[in-house]
Amino acid sequence: MSADPQRGRVVVVSGPGGVGKGTVVQALRDRNPQIAVSVSATTRPPRAGEEDGVHYHFVDRDRFMAMVDAGEFVEWAEFNGNLYGTPWSSVRDAVSSGAPVVLEIDVQGARQVLEHRTAALDTTLVFLEPPSWEELAERLRGRGSESEDSLRARLAIGREEMAAAEWFDHRIVNETVDAAVDALERILAPTSQG
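This report concerns the structure included in the present document. Residues take numbers from 1 onward in each chain, read along the sequence in its written order. Per-residue local features of the predicted model are confined to residues with pLDDT of at least 70, and side-chain atom pairs are confined, for both listing and counting, to 80 or more; whole-chain, interface and lining totals are unaffected and use all residues. Here the side-chain values reflect all heavy atoms present in the structure, with hydrogen atoms and water set aside.

## With respect to the sheet that holds strand E9 (residues 170-173)
By definition, two strands form a pair when at least two bridges between them are found by DSSP. Here a helix means four or more residues in a row that DSSP labels H or I, a strand means two or more in a row labelled E, and each is numbered from the N terminus. One open sheet accounts for five strands, arranged E2-E7-E1-E8-E9; its pairing is parallel. In this open sheet, the two edge strands, each paired with only one partner strand, are strand E2 (36-37) and E9. Sheet topology note: the strand E8 (residues 122-129)/E9 ladder contains four bridges and is parallel. Each residue of the ladder has a partner; that of Phe127, found in E9, is Arg171.

## Quick notes on helix H2 (residues 61-69)
Among all positions of H2, only Phe64, Met67 and Val68 are buried. Relative to the axis of H2, the buried residues are bounded by an arc of 105 degrees and lie together on one face. Opposite the buried face of H2, by more than 90 degrees, sit the exposed residues Asp62 and Asp69. For H2, the N-terminal cap is Asp60; the gap from its side-chain oxygen to the backbone nitrogen of Asp62 is 3.3 Å. One or two steps after H2, the chain reaches Gly71, where phi turns positive at roughly 70 degrees. Under the scheme applied here, a residue whose accessible area is under 20% of the maximum for its type counts as buried, over 50% as exposed, and between as partly exposed, the area being computed with a 1.4 Å probe on protein chains only. By definition, the arc is the one covered by directions from the helix axis to the C-beta atoms. Each polar contact in these results corresponds to two N or O atoms within 3.5 Å; when the atoms are within protein, one needs to be able to donate a hydrogen and the other to accept it, and residues that are neighboring in sequence are counted only if both atoms are side-chain atoms.

## Some details on the environment of Ser97
If you trace the backbone, Ser97 turns up in the loop between helix H3 (88-96) and strand E7 (101-104). Of the residues examined, Ser97 reaches a relative accessible area of 53% and is grouped as exposed. Between the C-alpha atoms of Ser97 and Ala36, which are 61 residues apart in sequence, the distance is 9.5 Å.

Pasting the structure below:
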């Protein structure tokens, strides 16, 4: 039986907050509906237009910590006062169906996924970076969902996250969504078995 180069493949898309991970992953999914995107759990409140079970599983802190204690997450982290995690179930279900799976997670979570990298969980780490630091700050401001103190805290965290880019398998500069999706599609393309 020949190996399907996509079966069991997990691609982690990570990078600093505000870089456009969600926008790029959604555009990738729009072009390639066969790609599964895991739905993370979070304790943060939904933003306008976000739906429970579609964008995130919105849970309270007690439920989230119960899930941590039960070992239900591939990775989890606290970011800016909120908890985020990727349930094993969302990854296993997609991998077992044969679909490549994209995890859109923060840098802390990507480090944990790296620790789980095995032959059974073939993981590729992709760092999405902004065209410039100024552009990242402008994108965060443009959201309009951050106080000035929160924005400063996110930018400080972003500087630390940018320093982690070197240990990712691939780096993509998010100049435009289309170009970033093109680069992700090249990474997801089956490799030749020669």
